[in-house]
Number of protein chains: 2
Amino acid sequence: MADRAAVPEVIWARPERAGRGPKPAFRRADIAAAAVRIADGGGLDAVSMRHVAAELGCGTMSLYNYVPRKEDLYELMVDAVSGEHEEWEPSGDWRADMVRVAHQTRTLMHRHPWLPRLMSPVYGFSPNALRYLEHCLACLDGVEASYGTKMQLVGLLNGVVTMYVTNELATAERSRSLPWSEEQENAVRIAYLGSQIAGGAYPRMAAAFMEDPGPIDLDAVFDMALGKVLDAFAPRGAGL
Amino acid sequence: MADRAAVPEVIWARPERAGRGPKPAFRRADIAAAAVRIADGGGLDAVSMRHVAAELGCGTMSLYNYVPRKEDLYELMVDAVSGEHEEWEPSGDWRADMVRVAHQTRTLMHRHPWLPRLMSPVYGFSPNALRYLEHCLACLDGVEASYGTKMQLVGLLNGVVTMYVTNELATAERSRSLPWSEEQENAVRIAYLGSQIAGGAYPRMAAAFMEDPGPIDLDAVFDMALGKVLDAFAPRGAGL
DNA sequence: GCGCACTACGTACGCTGTACGTAACTAGGA
DNA sequence: TCCTAGTTACGTACAGCGTACGTAGTGCGC
């Protein structure tokens, strides 16, 4: 009996190919790719063991030969798209490199809108996550600070990016599981908001929504927040 | 026929009591409280329509008289605990007030560990969320800045708090749905991490984990990040 | 070449959200 | 005042989920 993990197991520590039986029909990468394909097309909730198996053309339960739990499938997915992170020779300007890293992460999350929901520090040590972290640290090589501080910077940056993209995608991703359109939902919510504000109980909120700053440039908002966070760590181009 | 929402509907716009039929057995607050109780005790995944109904002592489908979709139950929950936010007379020192707000939010999230997962800008305009936002804006009354900037500050602050608490709770909340303990899982993951680092492919990661900064004080880390974010908006006690 | 670990996968269980139908109830209009 | 239409309550049912378990069949290590 294979004793399907009564004890914790990191999927990455498990060898792709066991010694004994018939050779596996897929590689882990195939499975991850199939799951990513489904999530990209139909949202994270479309990723079920049955769907992934169908996408691969195998029986549902066969997947459990590769992935002990669905949770591990998620971990495979996150690692797979983490592999899309490009790396480059550190430019010497760590601030510029960090901005580039952040933009790249944001692009990645827009390409795979389910990614923010799966972002977890627990997945932070998959093979591709390690490569990514090492690259970030390399970009910070010239900075005089402890690795602890550098890790905190990278963590905060990642967090802020995740947060912003989550907000950027919130209504769009939400409308995927709703029986009506995003615009309809927004209209109804804004109508309610208007009625509440008109009540006079929230004068400052009312003023805020009267301001009408014109169309919001999400890219600019993101860049501004990113800049502020970096400023917080290095106020005037000094070290951390 | 009641035509159970073929068109979007904000739950807050629906009256608690309809004119016609028998008087409802519960108020929305009862249902929210029951769901919160279950989530506090058994995690968010324990919140199913059947469980909530059982907690209330009514049939499962009766809930759908109060809540058109499960999603709306979540919205009720977030609003309910948002009501736990205390308010106070703005002190005049907006930075101190913002720190207090952030600490309060963090405490709230530790009391209701499922809250970060449900944090969504979509729920940002429930009654208690409006009260909360209005209070934040009131604390910023003396600051010379547009309401847009103020909203951005509040948003960024909330986001950073959410992010930090998510990380603080990640392993604990995760272990709730796992058949083994948090410590076991951590041990296995650290063992894997060690083996990878020992391979020599990630020299900086290796150095980072050699550093051993001693026990981490989560409160201090949180306060530091919070301070940096506030510094980013108001470098030296100036206005925004 | 034997045995056993492994792959493949069908069946089945308990759980989920919720569509639908029915019975009891009550407020508004005649 | 009675009638009726809209609401509440809730049992049943269905499609889908993760996954435990059992059974074949395959091919490496001894």
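The structure presented is a predicted model; accordingly, all values stated were derived computationally and were not measured.

Novice: Would you mind going over the interface of chain B and chain A with me for this structure?
Specialist: When the parts of a complex come together, some accessible area is lost, and that lost area is often taken as the interface size. On the chain A side, the residues contacting the 63 residues of chain B number 62 residues. Of the roughly 5,800 Å² buried between chain B and chain A on both sides combined, carbon and sulfur atoms contribute 68%. One salt bridge in this structure joins R189 of chain B and E75 of chain A, with 2.2 Å as the shortest N-O distance. Taken together, chain B and chain A are joined by 18 residue pairs in polar contact (both at pLDDT 80 or more). Looking at the side of chain B that touches chain A, the elements with two or more residues in it are α3 (70-82), α6 (127-139), α7 (147-175), α8 (182-198), α9 (203-210) and α10 (218-233) of chain B. The element best represented in the side of chain B that touches chain A is α7 of chain B, accounting for 13 residues.

Novice: It is not clear to me how the relation of the copies chain B and chain A should be interpreted in this structure. Could you clarify?
Specialist: Copies of the same chain, two in number, are related to each other by a rotation about an axis and a translation along it. Relative to chain A, chain B is turned by 180 degrees and slid 0.0 Å along the rotation axis, the superposed coordinates differing by an RMSD of 0.1 Å. Interpreted geometrically, this transformation is the action of a two-fold axis. Closest to the rotation axis within chain B is the C-alpha of A232 of chain B, separated from it by 2.4 Å.

Novice: Before we go on, may I ask you to explain the packing of aromatic side chains in this structure?
Specialist: Any pair of aromatic rings gets described here by the distance separating the centres and the angle formed by the planes. One pass over the full model with this rule turns up six aromatic pairs over all chains. Look at F125 of chain A and F209 of chain B: their rings are 6.0 Å apart centre to centre, the planes differ by 75 degrees, and that puts the pair in the edge-to-face class. In this pair, F125 of chain A is assigned in the loop between α5 (115-118) and α6 (127-139) and F209 of chain B in helix α9, connecting two distinct chains. Taking relative accessible area as the criterion, F125 of chain A reaches 28% and is therefore assigned partly exposed.

Novice: Is there a simple way to explain the protein's contact with DNA strand D in this structure?
Specialist: R50 and K70 of chain A together with A25, M61 and Y66 of chain B are the nearest of the 28 residues found near DNA strand D. When atoms of DNA strand D within 4 Å of the protein are sorted by moiety, sugar and phosphate together comprise 56%. Between S62 of chain B and DNA strand D, the recorded distance is 3.2 Å, taken from a side-chain N or O atom to a phosphate oxygen. Y66 of chain B places a side-chain nitrogen or oxygen 2.9 Å from a phosphate oxygen of DNA strand D. The element that contributes the greatest number of residues to the surface near DNA strand D is helix α2 (residues 49-56) of chain A, accounting for three residues. Broken down by class, the residue content of the surface near DNA strand D amounts to 12 nonpolar, nine polar and seven charged.

Novice: Would you take a moment to explain the protein's contact with DNA strand C for this structure?
Specialist: As a structural note, the neighbourhood of DNA strand C is formed by 29 residues, with A25, M61 and Y66 of chain A together with R50 and K70 of chain B the closest of them. Taking all atoms of DNA strand C within 4 Å of the protein, the share assigned to sugar and phosphate is 56%. In this structure, A25 of chain A approaches DNA strand C through a main-chain N or O atom, which is 2.9 Å from a phosphate oxygen. A distance of 3.0 Å separates a phosphate oxygen of DNA strand C from a polar atom in the backbone of M49 of chain B. Broken down by class, the residue content of the surface near DNA strand C amounts to 12 nonpolar, nine polar and eight charged.

Novice: Explain the nonpolar core here, please?
Specialist: What tends to happen in soluble globular proteins is that the nonpolar side chains get buried as a cluster. Among the nonpolar cores identified, the biggest contains 146 residues, and V52 of chain A together with V52 of chain B are the most heavily contacted of them. Beyond its immediate sequence surroundings of up to four residues, V52 of chain B is in contact with I31, A34, A35, I38, V47, L63 and L73 of chain B.

Novice: What is the right way to read the side chain of R106 of chain A from this model?
Specialist: Residues and elements named next belong to chain A. Within the secondary structure, R106 is located in helix α4 (residues 94-111). Looking at R106, the relative accessible area reads 9%, which means it is buried. Not counting residues within four places of it along the chain, the set of residues in contact with R106 comprises V161, V165, E168, L218, D219 and F222.

Novice: How should the pattern of salt bridges be read in this particular structure?
Specialist: Two side chains with opposite charge may pair up if their charged atoms get near one another. Residue and element names in this part refer to chain A. Applying the stated criterion to the full structure yields 33 salt bridges over all chains. Here E55 ties to R37 by a salt bridge, and the two come within 2.4 Å at their closest N and O atoms. One end of the pair, E55, is in helix α2; the other, R37, is in helix α1 (residues 28-42), with 18 residues separating them in the sequence. You can call E55 partly exposed: its relative accessible area is 38%.

Novice: For this particular structure, what's the right way to read the confidence of the model for chain A?
Specialist: In low-pLDDT regions, the fine details of the predicted coordinates are not to be read closely. Here chain A averages 91 in pLDDT, while 95% of its residues score no lower than 70. Averaged pLDDT values over the elements of chain A bottom out at 89 in helix α10 (residues 218-233) of chain A and peak at 98 in α2 of chain A.

Novice: What's the story with the packing of α6 of chain A against α9 of chain B in this structure? I'm lost.
Specialist: The angle between the axes and the distance between the axes are what describe a pair of packed helices. Direction vectors running N to C along α6 of chain A and α9 of chain B enclose 85 degrees, while the axes themselves pass 8 Å from each other. The angle between the axes of α6 of chain A and α9 of chain B places the two elements in the roughly perpendicular class. Counted together, L130, L133, E134, L137 and A138 of chain A of α6 of chain A and P203, R204 and M205 of chain B of α9 of chain B form the full contact between these two elements. Within the contact of α6 of chain A with α9 of chain B, the residues separate by chemical class into six nonpolar, no polar and two charged.

Novice: Would you explain the environment of M61 of chain B in this entry?
Specialist: Looking at where M61 of chain B falls in the secondary structure, it is placed in the loop between α2 (49-56) and α3. Along the backbone, M61 of chain B and D219 of chain B are 158 residues apart, and their C-alpha atoms lie at a distance of 44 Å.

Novice: Looking at this structure, I do not really get α1 of chain A. What am I missing?
Specialist: Three- or four-residue spacings in an α-helix give side chains the same orientation, since the helix completes a turn every 3.6 residues. All names here are of chain A. An ideal rise of 1.5 Å per residue puts 21 Å on 15 residues; α1 measures up with 21 Å between its terminal C-alpha atoms. By the burial criterion, the buried members of α1 are R28, I31, A32, A34, A35, V36, I38 and A39. For α1, the elements touching its buried residues are α2 and α3 (70-82). Of the residues trailing α1, G43 is marked for its positive phi of about 85 degrees.

What counts, and at which threshold
- Residues numbered from 1 in each chain as written.
- Chains lettered and ligands numbered in written order.
- Predicted model: local features only at pLDDT ≥ 70, side-chain atom pairs only at ≥ 80, totals over all residues.
- Heavy atoms only, no water.
- Contact = heavy atoms within 4.5 Å.
- Buried area = accessible area lost by both parts, 1.4 Å probe.
- Salt bridge = Lys/Arg side-chain N within 4 Å of Asp/Glu carboxyl O.
- Polar contact = N/O pair within 3.5 Å; in protein donor to acceptor, adjacent residues only side chain to side chain.
- Helix = DSSP H or I, 4+ residues; strand = E, 2+ residues; numbered from the N terminus.
- Least-squares fit on C-alpha atoms with pLDDT ≥ 70 in both.
- Phe/Tyr/Trp six-rings, centres within 6.5 Å; stacked < 30°, edge-to-face > 60°.
- Buried < 20%, exposed > 50% of the residue type's maximum accessible area, 1.4 Å probe, protein only.
- Near = heavy atom within 4 Å.
- Nonpolar A, V, L, I, M, F, W, Y, C, P; charged D, E, K, R; others polar.
- Core = buried A, V, L, I, M, F, W, Y, C linked by side-chain atoms within 4.5 Å.
- pLDDT = per-residue confidence, 0-100.
- Axes fitted to C-alpha atoms, helices over the stretch in contact; angles between N-to-C directions.
- Parallel < 35°, antiparallel > 145°, perpendicular 65-115°, else oblique.
- Expected span 1.5 Å × (residues − 1).

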